[in-house]
Amino acid sequence: MERRKGALLVLAIISVIWSLLPIYWLLNMSFMFPAEIFAVPAHLFPQDPTPNNYLRAFGYPTYDPKTGAELTRGGGHSVYITGGLLNSFMIAVPVTLLTIALASPAGYAFGRIGFAHKNKLLFLLIGSRSLPPVSILVPYFLIYFMLGLVGTHLGMILIYLSITVPLITWVLMGFFATLPVETERAARIDGCTRFQAFLKVVLPMARPGIASCTMLAFLISWNEFMFAWILAGGSPAQTIPPALASMFYQWAEIELMSAANTIAIIPPIIIAMIFQKYITQLRIVDPVTVVGA
Amino acid sequence: MSLPSFFKRGVTDAQFAYLLILPLVVFAIAMVIFPVVYSLWLSFNQIDIRLGQKWTFVGLQNFAHLLKDMYIGHAFTVTLQFIFESVFLNLLLGIGLALLMNEVFPGRGIVRAIVLLPWAISEYSTAVTWRFIMAETFGLFNGILLSLGIIDSYMNFLTMETALHWVAIAYAWRLAPLGAFFLLAGLQTVPEELYKAAKIDGVGPVRRFWYISFPHLRYSIFIITVLVTMFTATATDIIIVMTGGGPGISTETVTYLIFKETFKNLNLGYASAVSYVLIAVVMVMAAAYFLLLARRRR
């Protein structure tokens, strides 16, 4: 028994190292002075840690800790980072809310109501979700260009909704289907309409599923790169991933890139930590069982 | 009355369902079907965007060119290899992590939270991070190997032969936690008594996994295989940022080829034609998945 426990602990430590080492490496480099990055062999922790890269990322001037001489002027990168973060929030939050508002009724309909052509409609949804984003970039760019949606928050919100809504509907459909029907039936007998029963009885029961889908929708819209880069890169609606990409091409400073990337991954990491416990409750159910093909 | 009387009475369940789904259908048509059809029209044209937008109808020429293009075959081979490696790594990591997270040990809650983290990080940041790790002049990987005395001096690990493997590893690092949590949910449906009974009968851990856990995981494994195949077939960010298709063209997937034709060579029509091949392949896969599941039920 003791040996087994020991083996489990060793495996747990290996898993933790595997998961955290790349993140740690980013963090490590973000606290280094440029010269230390190229130390051979690489330093596993900064010997002379400095917050300079973070100060620069947010537009503050930096100084040499020993001589006090100014190393870099303020400004510059901060436009990208703070603007990118702000835009990411301005886009990811409405997308998350709208996704839940649109996808939970639809998931309920697919999961709990029988109707004609359900199969075809479901395939339309799953099919539209599985299209490679890069393959519809060109038409998107031309259409957005004509509609004046290039580089706008609205344009980005619409694109992300087209990604999140079908996916979340599919996931929630499975979740709704596994909820017991008795409570809903009782509510109907008590005189609730189908809509009221959904709102007052089924939705509260589905809280864990909706919580994990909230996380999913937020992460997708926060992390998406390709559409954001092509359709909003360099514009006032630029989100954080293309903002980082434009930095990468203009200033290939590894320590600054590490700091900027660390900043960018903090919000999704916090969200994942908060909602982590719900994700095991998200039973991914055979969609065809639900549809009854 | 807060709700319109319309909701109160006179709507059948089916009508109610259509009403709830209507926004999605409208959305799917406007945001997906229309661009895809538009893309087909594009693929019949040669589009010059350098001086205004000059469209020339060329019929099937783009598709004819596609058949002669030697990069296409290469790109599909690379994509296929990427998919195989990615599915293999995701299943290996996913099953391993899920089995571990299902055991009882001190600190399990923290381990679960940490294991999920890579999945929260964007593909873009994953690619940047792994690019830094594998870098030739300052990378962590080189640093560790040198410190352990395995190599004498820093070397390049992203070569023509190995770059794709490292991309697959980086991709699996980010994606595997999702599969691990799907599998964990599957493992939690296995009745505890079965394990206990098997243990009393002296069945070893390998056979316990194979005869008790695996049947409960089969469905999750299938779903993960399908999802990872789809994700990998359409992955673009990781290639663009981590290797840029290189060295040479060794990591040029179909998605990267489309990206290159669109934004580097500005062959919009041709890029649309290649896109169409990829869309067709992906749609066939989606349909196969759908049919397979449907047959399984009968």
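Here the structure is a predicted model, which is why all the values come from computation and not from measurement.

*Asks:* Looking at this model, I keep getting lost on the overall build of chain B. Mind explaining?
*Replies:* Within chain B, the secondary structure is distributed over 13 helices and two strands. Its C-alpha radius of gyration of 24 Å places chain B more than 25% over the 19 Å reference for a compact globule of 298 residues. Taking the principal axes of its C-alpha atoms as reference, chain B extends roughly 80 × 75 × 40 Å. Buried positions account for 43% of the 298 residues belonging to chain B. Excluding contacts between residues fewer than 6 apart, the proportion of contacts in chain B whose partners are at least 24 apart in sequence is 70%.

*Asks:* Any chance you could explain the overall build of chain A here in plain terms?
*Replies:* What chain A contains, in helices and strands, is 14 helices and two strands. Over its C-alpha trace chain A gives a radius of gyration of 24 Å, far above what one expects of a compact globule, namely 19 Å for 293 residues. By its C-alpha atoms, chain A is 80 × 70 × 35 Å across when sized along the principal axes. Sorting the 293 residues of chain A into buried and exposed places 48% on the buried side. Counted over contacts in chain A with a minimum sequence separation of 6, partners at least 24 positions apart contribute 72%.

*Asks:* I tried to follow the nonpolar core on my own but got confused; where do I start?
*Replies:* General note: in soluble globular proteins, nonpolar side chains tend to be found buried as a group. Ranked by size, the top nonpolar core spans 172 residues in total, and within it Ala 260 of chain A together with Val 167 and Ala 180 of chain B carry the most contacts. Counting residues per element, this core draws most heavily on helix H8 (residues 163–187) of chain B, at 18 residues. When residues of this core are assigned to domains, at least three fall in each of domain 1 (2–72) and domain 2 (78–291) of chain A. Setting aside chain neighbours within four positions, we find Val 167 of chain B in contact with Ile 238, Ile 239, Met 242, Thr 243 and Thr 251 of chain B.

*Asks:* Even after reading the chapter, I still don't get the environment of Ile 91 of chain A, so can you show me in this structure?
*Replies:* By the element assignment, Ile 91 of chain A lies in helix H4 (residues 78–112). Residues contacting Ile 91 of chain A, with those up to four places away along its chain left out, are His 153, Met 156, Ile 157, Tyr 160, Ser 221 and Thr 239 of chain A.

*Asks:* Can you walk me through the interface of chain A and chain B in this structure?
*Replies:* A common way to report how large an interface is uses the accessible area buried once the components associate. Counting from both sides, the interface comprises 83 residues of chain A and, opposite them, 84 residues of chain B. Sorting elements by how many residues they give to the side of chain A that touches chain B places helix H1 (residues 2–30) of chain A first, with 14 residues. Taken together, the residues that form the side of chain A that touches chain B break down as 65 nonpolar, 14 polar and four charged.

*Asks:* I keep staring at the packing of helix H6 (residues 123–133) of chain B against H8 of chain B and nothing clicks. Help me out?
*Replies:* A packed helix pair is summarised by two numbers, namely the angle formed by the two axes and the spacing between the axes. All names here are of chain B. With their axes 10 Å apart at the nearest point, H6 and H8 run at an angle of 135 degrees to one another. One element, H6, and the other, H8, form an angle in the oblique class. Of the two possible hands of crossing, H6 and H8 adopt the one that is right-handed. For the pair formed by H6 and H8, the contact residues are Glu 123, Thr 126, Ala 127 and Trp 130 on the first element and Ala 170, Trp 173 and Arg 174 on the second. Within the contact of H6 with H8, the residues separate by chemical class into four nonpolar, one polar and two charged.

*Asks:* Honestly, helix H10 (residues 207–223) of chain A in this entry has me stumped. Any pointers?
*Replies:* Because an α-helix packs 3.6 residues into every turn, residues spaced three or four apart end up facing the same way. Here H10 of chain A contains 17 residues, and its C-alpha end-to-end distance of 24 Å stays within 8% of the 24 Å for a straight helix at 1.5 Å per residue. Judged by how many residues are buried, H10 of chain A sits mostly within the fold: 13 of 17 residues are covered.

*Asks:* Please clarify how the domain arrangement of chain A should be interpreted in this entry.
*Replies:* Residues and elements named next belong to chain A. Assigned domains within chain A: domain 1 (2–72) and domain 2 (78–291). Taking only C-alpha atoms into account, the centre of domain 1 sits 32 Å from that of domain 2. Elements represented by at least two residues in the side of domain 1 that touches domain 2 include exactly H1, helix H2 (34–37) and helix H3 (52–57).

*Asks:* Can you walk me through the confidence of the model for chain B in this structure?
*Replies:* A low pLDDT means the predicted coordinates there should not be read in detail. Per-residue pLDDT for chain B averages 83, and the proportion of residues at 70 or more is 94%. Quick note on the complex model: pTM equals 0.88, ipTM equals 0.88.

*Asks:* How should the environment of Leu 98 of chain A be read in this particular structure?
*Replies:* All names here are of chain A. Positionally, Leu 98 belongs in helix H4. Judged by the 18 C-beta atoms lying within 10 Å of it, Leu 98 is partly exposed. Remark: the alpha-carbon pair of Leu 98 and Thr 164, spanning 66 residues in sequence, is separated by 9.7 Å.

*Asks:* It is not clear to me how the confidence of the model for chain A should be interpreted in this structure. Could you clarify?
*Replies:* In this model, chain A carries a mean pLDDT of 83, and residues with pLDDT of at least 70 account for 94%. Residue range residues 285–293 of chain A is modelled with pLDDT below 50. Its contacts to residues more than four positions away, or to other chains, number 27 contacts.

*Asks:* Where do I start with the environment of Met 230 of chain B in this structure?
*Replies:* Structurally, Met 230 of chain B can be placed in helix H10 (residues 205–234). Taking the C-beta count within 10 Å as the criterion, Met 230 of chain B has 20 such neighbours and is therefore assigned buried. In sequence terms Met 230 of chain B and Ile 83 of chain B are 147 residues apart; their C-alpha atoms lie 8.6 Å from each other. The residues touching Met 230 of chain B, leaving out its near neighbours within four places in the chain, are Ser 130 of chain A together with Val 282 and Met 285 of chain B.

*Asks:* Sorry, what's going on with the packing of helix H13 (residues 254–279) of chain A against H6 of chain B here?
*Replies:* Packing of H13 of chain A against H6 of chain B brings their axes to within 11 Å, and their N-to-C directions diverge by 145 degrees. Two packed elements cross with a definite hand, and for H13 of chain A against H6 of chain B that hand is left-handed. Judged by residue contacts, Ile 254, Met 257, Asn 261, Ala 264 and Ile 265 of chain A of H13 of chain A engage Ser 125, Val 128, Thr 129 and Phe 132 of chain B from H6 of chain B.

Reading the values: the criteria
Residues numbered from 1 in each chain as written. Chains lettered and ligands numbered in written order. Predicted model: local features only at pLDDT ≥ 70, side-chain atom pairs only at ≥ 80, totals over all residues. Helix = DSSP H or I, 4+ residues; strand = E, 2+ residues; numbered from the N terminus. Rg over C-alpha atoms; globule rule 2.2 N^0.38 Å. Buried ≥ 20, exposed ≤ 12 C-beta atoms within 10 Å, placed from the backbone. Contact = placed C-beta atoms within 7 Å. Core = buried A, V, L, I, M, F, W, Y, C linked by C-beta atoms within 7 Å. Domains from an automatic or database assignment. Nonpolar A, V, L, I, M, F, W, Y, C, P; charged D, E, K, R; others polar. Axes fitted to C-alpha atoms, helices over the stretch in contact; angles between N-to-C directions. Parallel < 35°, antiparallel > 145°, perpendicular 65-115°, else oblique. Left-handed = near helix turned anticlockwise from the far one by under 90°. Expected span 1.5 Å × (residues − 1). pLDDT = per-residue confidence, 0-100.

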